[in-house]
Amino acid sequence: MKDVNTTKPTGMNSLGLKFSVVAFLAILVAGLVFGYAVVLLQEQALFEQQQAAVQRTAKNYARQLDARLDHKEKSAILASQVLSRYLTDNARASGTIPRAGRDNIIRQQDSFSAAAIPAANLKSDASAVFSHSQLIWQQLAPFMLEEFSRFYFVSKHQFIRVAPAAMLQPLTPEHNLHTDLYYLEATPEHNPAKLPRWTSVYYHPIWQDWVVSILIPIYVKEQFIGVSVADLTLSELTRNTNNIGYWNRHTQVLLFNAEGRAIRAPDPFEELPAISDKNVRSANMVYQGDVVADPELRALVARVVQPASRITNPESSYLFAAAPVKHLNWHAAVYLDKTEIKATLQQFRGRISFIFIAVAIVLAALLHLISYQFVLKRLNRLSGAVVKLSRGDLAQDTLDNNRDEIGVLNRAFTGMSAEISQLVTGLNERIAEKEQAERAARKLSKAVSFSSSGIMLTDPHLSIEYLNPFLTELLGCDERSVVNQPLNMLLADEMEQLSTEITQTLHERQHWRGDILLQHQKLPAKQFWVSLAIAPIRDDIGNLLNYVCAMQDISFIKQSQKQMEHLAYYDILTGLANRSYFRDQLRKAIAMAHRGYYNFALLYFDLDEFKRINDTLGHDAGDELLKEVARRLTSRLREEDTIARLGGDEFAVILSGIKDRHQASTIAANLQQAFHEPVKLGTHDVAISASIGITVAPEDASEEELLLKHADLAMYEAKARGKNTFHFFSQDLNDAANERLQIENQLREAIRENQFLLYFQPKMDIRTEVITGYETLIRWLRPDNTLVPPVKFIPVAESTGLIVQIGEWIIWEACRFLARQQSRGYDVTLSINLSVRQFNDQDLPLIVERILKRTGVKPRAVIFEITESMLMGDTDAAINQLNQLKRLGVSLSIDDFGTGYSSLSYLKRFPVDELKIDRSFVKDIPQDRNDMDIVAAIIAMAQKMNLRVVAEGVETLQQVEFLRANGCFEVQGYYYSMPLAEQELSQLNFTVNT
């Protein structure tokens, strides 16, 4: 043997030194990465903590400012109420009124207030206000000046009384108080609701200061007499903005309005605009605010005031938070520069880097000592023993026998040395055993050659090495033509995919057994079934040498099975696969998809209007139609696809090897072409169509029942979209079905637990502003105090029939409400909406009659609202139902008139009393001229037919004026009131018809 180099490695050739260097670098890198991560996490945590503090400060400041304004608003309201009562109780003038000065203005001043009025406007009611307001101002001024900078009253006669008294000195005869903003915004034209109102920041033309005012209109006996005003200066509102960030000296505060412009108090030394004639004439100068100078702050402010816009969200250098100030439509923002926070982390970064470098050096040195002591020293001894063995010296040194990896290596080396000596002595024995095995192999070869079963040998890769004579005769081939060919060359074309399964199974389980279809090598049309068993042949140490394949011809058995399966798995009428065979094929397709061979699509067909054809032409015609549909579908499918009739007019197709949804939709569109031509059934040409639901596996699901459910959901969605189309399954369909089932279950519980409420929306006579009736609206209040909107549960109740129970409950509760109204002396009507199912219920007239008798309400006050679509099915039945209701004395109304498809010829046959103009025609008045013409035409038509007309969805004064001008005097909508609970109706400021 050659000498082996035994020089001890030094320098970088030493494994110990390499290991120590690698360990040092690894620890250093890991430490620096960890330290960097710690610093980043600390920086992030500090940012989050500071951001939370910024948000908390902004909210607290906005809340405090709102609370302060709310308190001042209550004080102003209280003062205006005292003033209103005082002026009401003292309607006549008393006391002496001073003479007018040279400027024809009557002035008066005491220590509490000052007053002024043009002499030409001093009438009896103005004199009363002039004389009595002085006394009440002596009581109100001390109280109001603690809360406000100024408190004053301006009447419709241009009378003004203000506290403190010195404020009225700049008033000039040319100044028209009625053109000032604080008066205009309180007048009935600008404040029809008579509510207190905060103004924007504006420049006061008399006080020459920027102020915000709380305006409270004063009415005496429902007549507007003037407005009480309380001013807050802008400097007073903003004086504490720089003192709220006490927790961080770098915190800054910003107030901005709805346009995103900064609000700031004027500088004490800033020169304010002087009062001139021009300023007096344009006294409504509103404070616009300042542009935020910092672009980043300006972008953050823009995102607050325009949340619905597409303003990008760039990385900002500020921590920023804003909270709304509701009374003034402002926002209070608090922000902090991130660079100030990052500065505190710089020193921490340097210290942690130094610590990790020191730790890496110490750990590397320690690992070097440990590796040498426990590993390298022992490896050197083992390498010496290997060198001695390589020189032929079998007398080995004693190596350690520890229980670690090197100890295992030492024991393995010792055992290997002993085995080498044993191999030499056992060589002769092996030669004798080999001769004996050769004799046994010759006997086995003869047995295989004369066997009546097909025997084949392949290499480990399933390439053919040997066929016995019986198998070559069965295949009709010569042994030399198939040797070294792959085994799958013998398989029929339809078994091509099975070869991959055989290979995979042999790799996993080492053997395979099954039935396969072989191809005769000389007769292409001849195929035969064999039972194939493949088993491995291994050597003594378990290595795979060959595979042995044993085959038995079972063609006659397969032919019998095929006949039986056709009877068991195929539909007798159409010749298509039946449900059992389809489910079996679906499971096989799922298994192939699991193994990654291909995706497939499941199509679920349902013929549209098949029941109508069966009912009109008979079941024999229906059977002929099903046969023709099966024939057309089969002609348009591929050989590898599976089509089955599941029952009735339901068909299903498995499309194998689908690449994507586009390919599935192309095939589905091609299948729908099969329905374009009508079917000849006897003497009738019948047009047919189908709704198709499609789901793709394994993308949508990989379980049998789920796939069928998904395809069914998609098919029903196709029907819902108008039939004669196809629709793919989506998670939204599944979620909608689950939500629909959940709502149905909760609805049943809601009916049992009586979880429904009734709301009532007033109907107004716009000529008198008197409430003439109400419309009943249902609300569902769950036990967790959440309201479910009707649009979410009414369709479910309609489809499940629960709407009949709910509708009967609505009629009961509505009539009880109407009975309570009538007992209070109110002569009002009550509109109740009827659902489709409820209207078609034959027992509806009996139910209504029983409820009217039990509750004792006047039938003429009950109005049942129906939609046009409810009347367009069986019109004769609908008219009969309407007549039965009319005999009870109730009124009938067509709801949402103009949105359906009824004609005037039908309308004149229906015994209705009222038309309700749909809100879709009213909402765009007066902007949309077409809607205005339609509404005017409906009103004129209703008047010609002696029908009441009611407009829904009225929300603006312009809409009210248009309807009044066109003769529609009964309306409902948010302009007057939203739907309210019964206990809230008493809060309405309208008279109820008696």
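Here the structure is shown first, and the text comes after it.
Quick caveat: nothing in here was measured; it's all calculated off a predicted structure. (Residues numbered from 1 in each chain as written. Predicted model: local features only at pLDDT ≥ 70, side-chain atom pairs only at ≥ 80, totals over all residues. Heavy atoms only, no water.)

*Asks:* Any chance you could explain the overall build of the protein chain here in plain terms?
*Replies:* When you go through the protein chain residue by residue, the secondary structure sums to 29 helices and 34 strands. Taken over 994 residues, the protein chain has a buried fraction of 44%. Here the contacts in the protein chain between residues at least 6 apart in sequence split such that 64% fall between residues at least 24 apart. Accessible area for the protein chain stands at about 54100 Å²; split by element, carbon and sulfur atoms hold 53% of it. (Helix = DSSP H or I, 4+ residues; strand = E, 2+ residues; numbered from the N terminus. Buried < 20%, exposed > 50% of the residue type's maximum accessible area, 1.4 Å probe, protein only. Contact = heavy atoms within 4.5 Å. Areas by Shrake-Rupley, 256 points an atom, 1.4 Å probe, with all protein chains shown as cover.)

*Asks:* How should I be thinking about unusual backbone geometry in this particular structure?
*Replies:* Keep in mind that most residues, glycine aside, have a negative phi and that most peptide bonds are trans. In the segment running from Ala163 into Pro164, the intervening peptide bond is cis, with an omega of 5 degrees. For Pro164, the location among the structural elements is in the loop between strand S4 (160–163) and helix H3 (181–184). Look at the link from Ile925 to Pro926: it is a cis peptide, with omega at 5 degrees. Considering the arrangement of structural elements, one finds Pro926 in the loop between helix H27 (919–922) and helix H28 (929–944). A positive phi angle, near 65 degrees, is found at Leu462, a position not held by glycine. Even without being a glycine, Gln510 presents a positive backbone phi close to 75 degrees. Take Gln510: its relative accessible area is 29%, and that puts it in the partly exposed class.

*Asks:* Just checking my understanding: could you explain the sheet that holds strand S20 (residues 650–656) for this structure?
*Replies:* Strand pairing in a sheet takes place through backbone hydrogen bonds and is either antiparallel or parallel in direction. Sheet architecture is open: five strands sit in the order S19-S20-S18-S23-S24, paired in mixed fashion. Strands with a single pairing partner mark the edges of an open sheet, and in this sheet they are strand S19 (642–647) and strand S24 (726–728). The average undirected angle you get between the axes of adjacent strands in this sheet is 20 degrees. Relative to S24, strand S23 (residues 690–697) runs parallel, the two sharing three bridges. By the bridge assignment for S24, Gly693 is matched with His727. (Pairing = 2+ DSSP bridges. Axes fitted to C-alpha atoms, helices over the stretch in contact; angles between N-to-C directions.)

*Asks:* Help me understand a positive patch on the surface in this model?
*Replies:* A cluster of basic side chains, namely Arg439, Arg442, Lys443 and Lys446, defines a positive patch on the protein surface. Mapping Lys443 onto the fold places it in helix H10 (residues 427–449). (Patch = residues over 30% accessible without salt bridge, like charges linked within 9 Å, V, L, I, M, F, W, Y side chains within 5 Å. Salt bridge = Lys/Arg side-chain N within 4 Å of Asp/Glu carboxyl O. Lys, Arg positive; Asp, Glu negative; His and termini not counted. Charge placed at Lys NZ, Arg CZ, Asp CG, Glu CD.)

*Asks:* Whenever I open this one, the packing of aromatic side chains confuses me. Can you help?
*Replies:* Each aromatic ring pair is described using two quantities: the centre-to-centre distance and the angle formed by the ring planes. The final tally for this structure, using the stated rule, is 18 aromatic pairs. Aromatic side chains Trp137 and Phe151 sit 5.0 Å apart centroid to centroid with 20 degrees between the ring planes, which places their arrangement in the stacked category. Here Phe151 lies in strand S3 (residues 150–155) and Trp137 lies in helix H2 (residues 124–147), a separation of 14 residues in the sequence. Look at Phe151 and you get buried, because its relative accessible area is 1%. Here Tyr203 and Trp210 contribute two aromatic rings whose centre-to-centre distance is 5.2 Å and whose plane-to-plane angle is 65 degrees, an arrangement assigned as edge-to-face. You'll find Tyr203 and Trp210 in the same group, each marked buried. Against the face of Phe130 rests Arg161, its NZ or CZ located 5.8 Å from the ring centre. The ring of Tyr759 has Arg779 sitting right over it, with the charged end atom 5.5 Å from the ring centre. (Phe/Tyr/Trp six-rings, centres within 6.5 Å; stacked < 30°, edge-to-face > 60°. Lys NZ or Arg CZ within 6 Å of the ring centre and 35° of its normal.)

*Asks:* Would you mind showing me how to read the pattern of salt bridges here?
*Replies:* For side chains of opposite charge, pairing can occur when their charged atoms come near one another. Counted under the stated rule, the structure contains 26 salt bridges. Taking the shortest distance from any N to any O, the salt bridge between Arg68 and Glu236 comes out at 3.6 Å. Placement of Arg68 in helix H1 (residues 15–89) and of Glu236 in helix H4 (residues 234–237) is noted, with a sequence separation of 168 residues between them. Across the pair Glu222 and Lys194 runs a salt bridge, and its minimum N-O distance is 2.7 Å. On the criterion of sequence distance, the pair formed by Glu222 in the loop between strand S7 (209–220) and strand S8 (223–233) and Lys194 in the loop between H3 and strand S5 (197–198) is long-range, its members being 28 residues apart. Owing to a relative accessible area of 58%, Glu222 belongs among the exposed residues under this scheme. What emerges from the salt-bridge pattern is a single network uniting Glu775, Glu865, Lys916 and Glu952.

*Asks:* Looking at this structure, how should I read the sheet that holds strand S16 (residues 527–538)?
*Replies:* Strand order in the open sheet formed by five strands is S14-S13-S17-S16-S15, and the pairing between neighbours is antiparallel. Unpaired on one side and paired on the other, strand S14 (464–467) and strand S15 (512–519) mark the two borders of the sheet. With direction set aside, neighbouring strand axes in the sheet form an average angle of 30 degrees. Both strand S13 (residues 454–458) and S14 contribute to a ladder of three bridges, which runs antiparallel. Counted as the bridge partner of Thr458 is Ile464 from S14. On top of the sheet, helix H13 (residues 496–509) reaches S15, S16 and strand S17 (544–553); it is set at about 155 degrees to S15, its chief contact.

*Asks:* Looking at this structure, how should I read empty space enclosed by the protein?
*Replies:* A probe matching the size of a water molecule, rolled over the atoms, marks out where space remains unfilled. All chains considered together, the criterion is met by two cavities of 30 Å³ or more. Taken as a whole, the largest cavity spans an internal volume of roughly 40 Å³. Around the largest cavity sit Val804, Glu808, Ile811, Gln838, Asp841, Leu844 and Ile847, which together line it. Broken down by element, the residue count for the lining of the largest cavity peaks at three residues, all from helix H22 (residues 802–823). (1 Å grid on protein atoms, 1.4 Å probe; cavity = no way out; pocket = protein on both sides within 12 Å on 5 of 7 lines; lining within 4 Å. Points joined across faces, edges and corners; volume = space filled by probe spheres on them.)

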